[in-house]
Amino acid sequence: MTVEQLSQVDKGFLEQMEDAGRRYASRAGERDGHLEALDQHGILYADTRERVNSRLTRLGTDWAMAAAIEQTPATATTGTSLNLDRELVSTDLLTLERFMGRNDLIGIDYLEGGFLAARSVGRITVRSPGSSHQGTGFLVSPSLLMTNNHVLGSAEEAAAGVIEFNFQAGLDGQPLVPVVFPLDPQSFFVTHRDLDFTVVAVSDRSRDGQPLAAFGRLPLKEAQGKAVIGELVNIIQHPNGEPKQLAIRDNQIVDVLDDFVHYSADTAHGSSGAPVFNDQWEVVALHHAGAPRKDRNGNVLAVDGTRWHPSMGEHRVDWKANEGVRVSRILGMIQQFSLSGGAAALRAELFAAGSSLHPVEAAPPTVVTNRTNGAAPQSVTLDGSGEQHATTGSVRWSVPLHISVSLDADALHPRVESPAAGPAQQAITPSYVGSPAGIGSIDGQSPAARDLAAAMVNLAAFRDRPYFDEAEDLMARDAYYAGIHVGNPTSLRLALTEHLESTHERRPSYKPMRLLYPWVDLHPDEKLHSIYSDKGFTPQELMEADAAVEAARVGRWQEFMLHESAPGREAIEAELALLEASLPFNCEHVVPQSWFDEKEPMRGDLHHLFACESTCNSFRGNIPYFDFPDFNEVIQHDCGRRDPGKFEPFKGKGPVARATLYFLLRYPRKIGDEARELQRTGLETLLNWHRDHPVGIYEQHRNAAIAEVQGNRNPLIDHPEWAEEIDFAGAWP
């Protein structure tokens, strides 16, 4: 068969296959590195730090929980590998263990999720005079479906197409009756050749009158963290136009490119236009092609070793790997299309569907769409060959919104006394009495409740561990600083800065309830002590208090969004700053967040985070440390002494000095450019506190625990003598 004899669909598929093959071949080195990291270190280390961190956040877990699991033997089990009370074994924990390859079982909800997801996947059939072809497509909003550009390349082609749902076997093994919906490109049609996607409207009633809403939708989400290298994915498809089938956890992601993702399988491969899912049934990618095996002459091979040709179907290609188009890139491109009228409203509906907290929606909101048969077709192509035609019409949809908050408001408001009166004598430790329902809740569990449950797991997971293993830590310390040489103060500072940054492998977001209180900041008496007052609290006290604060913040935020229909960026930033100031956690950044614009990774860096009752947190504010000559001669308050622009803590001077010195090394020239921040003149105070208040077992424990979570260490704790050897002055702007 010559190229001239191929159909337009076949030509499009061959072009996509060749492009995918070239991309796959060009990434051999990177792919080998990913596979080596997977084999030697595991899934947490094969992808970028940012992507892995986003993935853990999306799974509702954290690095502290992952570190606890890493301490257990690296063998798969049929349950949790941690020695926990069964009441603490949450779905989040089991999901993380499964993600890390430590649990061979999968939750029963996986089957229900897959069943619901499959309802939105259908077979596309296009019939034209003298030819026909088929592919897979899936609903992505109440009115739109997605497939490949090489399946539906034009509005004219789509107008001749239908999508069939329920083209599959039932529980009794007998075929179900397919439900057929015509495609409606007059209302919406966008396509893109390079990213190989097409989004087209579907008639809201089937040929026999059934509603499209009955088949749900698979919302497309722009957020990062849906899958990482090493993760297994699922594909629901109609291979070669056959009844619906599932490739279940048989494809492993081996590489992530800017626009595409590569996943390999020994047996099950994807079909054009099929959705690629993670284990939570979120759509990760749109399957479109792959890298084929070829003979020495460059001919594509079939699975039986013979030369493949298009008439055999893509399912007969001997694939080396699959390639899908990343959902986030597709959504970014859809935003760039110039649309108006009803088409613009349908696009807005698509993005509104993607804001859902659930990966699958089987009962979407009612959609009332005005589609006029005589309207001009909406056809937009961004490959330079198409034209744009605007349509008229409108779309309206109703989204039910209900928020209820059950909180002890008085308990959640921090009490900040005047400097003259000093701070209150008790920490802000309200009981966790509830959390907002509605927006922000997943399966009835609010973010605050979910964080508190995870924090309790982390607390229990570390309970049986030795508080500090001096011999083990000494070996870890020596290995960490191998290659660091003392002698030249500037060279030592630069070497440590580079080393602290490069070994900061894991950069968790700011979550003291989950990452700081359960283990990192514990004292030898198994309590948390406020860094400035030394008051003791059980970890659970501060965890529950912060959960209540988090719930109150969510409630206030929802209230703000209800009253502000379209707040600008400045209004949003101001509201977030107000929430944090009025409802602080019981955690202190010894380098105040305002000094570095509350940015990560500084904000979540555990080395300068300490438990601190919110009254002391507010009492200090963002004032630099100062050493008052008459500190011991005047009346003191529990937190310390504060004068305008000066603050000296009552306790914790050594730890806060070493934490601040660490920050100067890890983030040089990030602070000190404004008069309200720590200036070079304050260096002497830090060095004096460091000398006068030596390192103890509490800081040694913290340093080792943080190294497990983040990867890096504090040199001033490991080598206190280096304080006099480092040119700290060079760390200021």
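What you are looking at is a predicted structure, and each value in this text was computed from that prediction instead of being measured. (Residues numbered from 1 in each chain as written. Predicted model: local features only at pLDDT ≥ 70, side-chain atom pairs only at ≥ 80, totals over all residues. Heavy atoms only, no water.)

(A) Inspection of the overall build of the protein chain at higher detail. When its secondary structure is counted, the protein chain shows 21 helices and 22 strands. A burial count over the protein chain gives 54% of its 733 residues as buried. Of the contacts formed within the protein chain by residues at least 6 apart in sequence, a portion of 72% connects residues at least 24 apart. Put simply, the protein chain shows about 31,400 Å² of open surface, and 50% of that area lies on carbon and sulfur atoms. (Helix = DSSP H or I, 4+ residues; strand = E, 2+ residues; numbered from the N terminus. Buried < 20%, exposed > 50% of the residue type's maximum accessible area, 1.4 Å probe, protein only. Contact = heavy atoms within 4.5 Å. Areas by Shrake-Rupley, 256 points an atom, 1.4 Å probe, with all protein chains shown as cover.)

(B) Seen up close, the confidence of the model for the protein chain. Overall, the predicted model of the protein chain reaches an average pLDDT of 84, with 85% of residues at or above 70. Counting interchain partners and residues more than four positions distant, the pLDDT-below-50 stretch residues 1–5 has 2 contacts. In the model, residues 364–444 has pLDDT below 50 throughout and makes 197 contacts with residues more than four positions away in sequence or in other chains. (pLDDT = per-residue confidence, 0-100.)

(C) Summary view of the sheet that holds strand β10 (residues 260–264). The strand order around the closed barrel formed by 6 strands is β8-β9-β10-β13-β12-β11, and the pairing between neighbours is antiparallel. Along the sheet, successive strands turn relative to each other by an average axial angle of 45°, direction set aside. Contacting β8 (232–237), β9 (245–256) and β11 (275–277), helix α6 (residues 109–119) crosses the sheet at an angle of about 40° to β8. Seen against the sheet, helix α8 (residues 327–336) touches β12 (283–292) and β13 (319–326) and runs at an angle of roughly 40° to β13. (Pairing = 2+ DSSP bridges. Axes fitted to C-alpha atoms, helices over the stretch in contact; angles between N-to-C directions.)

(D) Local environment of the nonpolar core. Counting residues in hydrophobic clusters, the biggest one holds 113 residues, and the most contacted among them are Leu44, Phe99, Tyr517 and Tyr532. Formed by 34 residues, the second largest nonpolar core is a distinct cluster that contains Ala117, Val140, Ile236 and Leu346. (Core = buried A, V, L, I, M, F, W, Y, C linked by side-chain atoms within 4.5 Å.)

(E) Molecular detail of the pattern of salt bridges. Tallied over the entire structure, the rule returns 39 salt bridges. Lys535 is the partner of Asp638 in a salt bridge, and the nearest nitrogen-oxygen pair spans 3.2 Å. Note that Asp638 is positioned in the loop between α17 (614–620) and β21 (640–643) and Lys535 in the loop between β17 (528–529) and β18 (536–537), a separation of 103 residues in sequence. For Asp638, a relative accessible area of 23% translates into the label partly exposed. (Salt bridge = Lys/Arg side-chain N within 4 Å of Asp/Glu carboxyl O.)

(F) Molecular detail of helix α13 (residues 489–502). The terminal C-alpha atoms of α13, which comprises 14 residues, lie 20 Å apart, in line with the 20 Å expected from a rise of 1.5 Å per residue. Regarding α13, the residues found buried are Leu492, Arg493, Leu496, Thr497, His499 and Leu500. The inward-facing, buried residues of α13 contact α12 (470–480), α18 (653–666) and α21 (715–718). N-cap assignment for α13: the residue whose side-chain oxygen lies 3.0 Å from the backbone N of Thr490 is Asn488. (Expected span 1.5 Å × (residues − 1). Polar contact = N/O pair within 3.5 Å; in protein donor to acceptor, adjacent residues only side chain to side chain.)

(G) Region of interest: the packing of α18 against helix α20 (residues 697–710). Contact pair α18 / α20: the axes reach a minimum separation of 11 Å and the direction vectors enclose 35°. Taken as a pair, α18 and α20 cross one another with a handedness that is right-handed. Contacts from Gly654, Pro655, Arg658 and Tyr662 in α18 reach Tyr698, Glu699 and Gln710 in α20. Class assignment for the residues of the contact of α18 with α20 results in 3 nonpolar, 2 polar and 2 charged. (Left-handed = near helix turned anticlockwise from the far one by under 90°. Nonpolar A, V, L, I, M, F, W, Y, C, P; charged D, E, K, R; others polar.)

(H) Fine view of the environment of Pro539. Here Pro539 shows up in helix α15 (residues 539–563). Linking Pro539 and Leu522, residues 17 residues apart in sequence, is a C-alpha distance of 7.9 Å. Setting aside residues up to four positions removed in sequence, Pro539 forms contacts with Leu459, Tyr517, Leu522, Glu526 and Leu528.

(I) Expanded view of the pairing of β10. When you tally the buried positions in β10, you get 4 out of 5 residues, the bulk of the element. Two strands pair when backbone bridges link them, and β9 and β10 are joined in this way by 4 bridges, in the antiparallel orientation. Each residue of the ladder has a partner; that of Asp255, found in β10, is His262. Linkage of β9 to β10, two consecutive antiparallel strands, is achieved through a turn of 3 residues. Where β10 and β13 come together, 4 bridges link them in antiparallel fashion. Looking at the pairing, Phe260 lines up with Val325 of β13.

(J) Molecular detail of the side chain of Arg642. Its location among the elements puts Arg642 in strand β21. Buried charge Arg642 goes without a salt bridge, the closest partner of opposite sign being Asp643 at 7.5 Å. From its side chain, Arg642 meets the backbone oxygen of Phe619 in a polar contact 2.4 Å long. (Lys, Arg positive; Asp, Glu negative; His and termini not counted.)

(K) Quick peek at the packing of aromatic side chains. All told, the structure shown has 22 aromatic pairs when counted by the stated rule. Look at Phe197 and Phe337: their rings are 6.5 Å apart centre to centre, the planes differ by 85°, and that puts the pair in the edge-to-face class. A residue pair is termed long-range when its members are at least 10 positions apart, and Phe197 in strand β7 (residues 197–201) and Phe337 in the loop between α8 and α9 (341–354) qualify at 140 residues. Here Phe197 and Phe337 have matching classes, each one buried. Plain terms: the ring middles of Phe619 and Phe647 are 6.2 Å apart, the flat faces sit at 75° to each other, and that makes the pair edge-to-face. Taken together, the residues span a long stretch of sequence, with Phe619 in helix α17 and Phe647 in strand β22 (residues 646–649) at a distance of 28 residues. The pair Phe619 / Phe647 is uniform in exposure class, with both members buried. Each member of the aromatic cluster is reached from another via a ring pair, and the members are Tyr532, Phe619, Tyr625, Phe647 and Trp689. (Phe/Tyr/Trp six-rings, centres within 6.5 Å; stacked < 30°, edge-to-face > 60°.)

(L) Representation of the state of the cysteines. Evaluated as defined, the whole model comprises 1 disulfide. A sulfur-sulfur distance of 1.9 Å marks the disulfide that ties Cys616 to Cys639. Judged by the sign of its S-S torsion, about -85°, the bond between Cys616 and Cys639 is left-handed. You can see Cys616 sitting in helix α17 and its partner Cys639 sitting in the loop between α17 and β21, a full 23 residues away along the chain. (Disulfide = S-S within 2.5 Å.)

(M) Broad picture of unusual backbone geometry. Omega for the bond connecting Glu600 with Pro601 falls within 30 degrees of zero, at 5°, which places this linkage in the cis form. With respect to the helices, strands and loops of the structure, Pro601 is situated in the loop between β19 (587–589) and β20 (609–611). Phi is positive for Arg249, close to 50°, though the residue is something other than glycine. On the secondary structure map, Arg249 appears in strand β9. Using a relative accessible area of 27% as the deciding quantity, one classes Arg249 as partly exposed.

(N) Quick peek at the pairing of β8. For β8, the buried fraction is high: 5 of the 6 residues fall into the buried class. In terms of strand pairing, β8 meets β11 through 2 bridges, oriented antiparallel. Within the sheet, the bridge partner assigned to Asn234 lies in β11 and is Phe277.

(O) Region of the structure containing α8. Among all positions in α8, only Val327, Ser328, Ile330, Leu331, Met333 and Ile334 are buried. The elements touched by buried residues of α8 are β3 (144–147), β6 (189–192), β7, β12, β13 and α9.

(P) Region of interest: the environment of Gly153. Among the structural elements, Gly153 can be located in the loop between β3 and α7 (155–159). Residue class for Gly153 comes out partly exposed when judged on its relative accessible area of 32%. Along the sequence, Gly153 and Phe197 sit 44 residues apart, while their C-alpha atoms lie 8.8 Å from each other.

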